[in-house]
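Now for the letters of each chain:
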Amino acid sequence: VVRRIEELGFRPHLLSEGGRTVIGFMGDETKSMQSTFAAMSGVESVVMSRKPYRVACREFKAEGTIIRVGDIEIGANRVILMAGPCAVESRSMLMEVAHAVKEAGAKILRGGAYKPRTSPYSFKGLREKGLEILAEAREKTGLAIITEAMSIQDVKLVSQYADILQIGARNMQNFALLEEAGNIKKPVLLKRGMMATLEELLMAAEYILSNGNQQVMLCERGIRTFERYTRNTLDIVSVPLLKDLTHLPVIVDPSHGTGVRGLVKPASRAAVAAGADGLLIEVHPNPDEALSDGPQSLCPEDFRNLVDEVKKIARAVGREI
Ligand code: PEP
Ligand code: MN
């Protein structure tokens, strides 16, 4: 089938799961092409998709994608908690947060080593030193690591340390970076741009998928609206919408999604109720002294309390944490 697709001048994309292979390609949607492939041995069915994000769409793959990071499954029944500081500020603060979030039930430790900042005079992260500290925290706690790569040049190094590579909201349509993320063998968490439609988010994911990396999860982190009481407007219905439009796991970041500490817990509850596969939450040992995103960061105790509350919602919607 792959050879035939290539003979026709198209590029096939393969997705294998559970003994089944889905082969996608962008061709002209003629009936004759459909019957050519349907008649080939080993072909179960030929599905025509009208969605421009051919590999990301549900029609391409009906079952939800499960991304495995060690023994963690993202996209399965368990809602996965990713937590940690906005930025890795020092070794001692990261170790403190790492132990605290692990104890509270987080499976993945977040922390930026390369930080996109609005002002060039703000703290921009510890860079490679930050990556080393993250790796040490993984060793000490067993937590997996998620951290951001801001540019193509960083992808190699960051993906050597990270278990999940984060692409930030400001980079959602950095197509060169997306293509580079398609070349690596690690899962990618792609954040929705603050002015991006869901279709644009899915097309951005398509860049990574079509370049050969099938391990993509999407992250709703709020969009910019006229509302000023919050930093961003968390688009909660994007969760059920995306779960319908795509087979990719959907994560919600209620920290950037609201920008307000007191709203992180209710937004987390709403996200889990709406069907999120995971939460990405900023936790800092002393939020008021954080070098970035202090106003939206939780202290460890607030995070423990959030986990207790969110567990009740998970149970109510038939999921675990
Ligand atoms: C972050 O996760 O700290 C971050 C910078 O997020 P975003 O790209 O969503 O603003
Ligand atoms: Mn942040």
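Visitor: Please clarify how the pairing of strand 1 (residues 13–17) should be interpreted in this entry.
Guide: Looking down a regular strand, the side chains alternate between one sheet face and the other. Bridging between strand 1 and strand 2 (residues 20–24) involves 5 bridges; their strand directions are antiparallel. Opposite His13, over in strand 2, you have Gly24 as the bridge partner. Where strand 1 folds back on strand 2, the antiparallel hairpin that results is connected by 2 residues, among which Gly18 adopts a positive phi of roughly 55°.

Visitor: What's the story with the site of ligand 1 in this structure? I'm lost.
Guide: Around ligand 1, the structure places 13 residues, and the nearest of them are Arg110, Lys115, Ala169, Lys191 and Arg221. For ligand 1, an oxygen atom lies 2.8 Å from a polar atom in the side chain of Arg110. One of the side-chain N or O atoms of Gln166 is found 2.9 Å from an oxygen atom in ligand 1. Calculation on ligand 1 without its partners gives an accessible area of 290 Å², and the protein chains cover 97% of this total. Within the shell around ligand 1, the residues separate by chemical class into 3 nonpolar, 3 polar and 7 charged.

Visitor: How do you make sense of the sheet that holds strand 12 (residues 278–282) when you look at a structure like this?
Guide: Strand-to-strand pairing in sheets goes through backbone hydrogen bonds, with the strands running parallel or antiparallel. Reading around the barrel, the 8 strands line up as 5-6-7-8-9-10-11-12 and close back on themselves, with parallel pairing between neighbours. Sheet twist, expressed as the average angle between the axes of neighbouring strands with direction ignored, equals 25°. With 2 bridges joining them, strand 5 (residues 80–84) and strand 6 (residues 108–110) adopt parallel strand pairing. Within the sheet, the bridge partner assigned to Met82 lies in strand 6 and is Ile108.

Visitor: I'm lost on the state of the cysteines in this one. Help?
Guide: Defined simply, a disulfide is a covalent bond joining two cysteines at their sulfur atoms. This structure, assessed with the given rule, holds 0 disulfides. Its sulfur unpaired, Cys299 is 17 Å from the next cysteine sulfur, which belongs to Cys86.

Visitor: Got a minute to help me understand unusual backbone geometry in this structure?
Guide: Of all residues except glycine, most have a negative phi; of all peptide bonds, most are trans. With a phi angle near 55°, Arg127 is a residue other than glycine that sits in the positive phi range. Residue position: Arg127 is located in the loop between strand 6 and helix 4 (128–141). Phi is positive for Asp293, close to 55°, though the residue is something other than glycine. Residue placement: Asp293 occurs in the loop between strand 12 and helix 11 (300–316). Residue Asp293 is classed as buried on the basis of its relative accessible area of 17%.

About the cut-offs
Residues numbered from 1 in each chain as written. Chains lettered and ligands numbered in written order. Predicted model: local features only at pLDDT ≥ 70, side-chain atom pairs only at ≥ 80, totals over all residues. Heavy atoms only, no water. Pairing = 2+ DSSP bridges. Helix = DSSP H or I, 4+ residues; strand = E, 2+ residues; numbered from the N terminus. Near = heavy atom within 4 Å. Polar contact = N/O pair within 3.5 Å; in protein donor to acceptor, adjacent residues only side chain to side chain. Areas by Shrake-Rupley, 256 points an atom, 1.4 Å probe, with all protein chains shown as cover. Nonpolar A, V, L, I, M, F, W, Y, C, P; charged D, E, K, R; others polar. Axes fitted to C-alpha atoms, helices over the stretch in contact; angles between N-to-C directions. Disulfide = S-S within 2.5 Å. Buried < 20%, exposed > 50% of the residue type's maximum accessible area, 1.4 Å probe, protein only.

In short, geometric facts, not functional conclusions.
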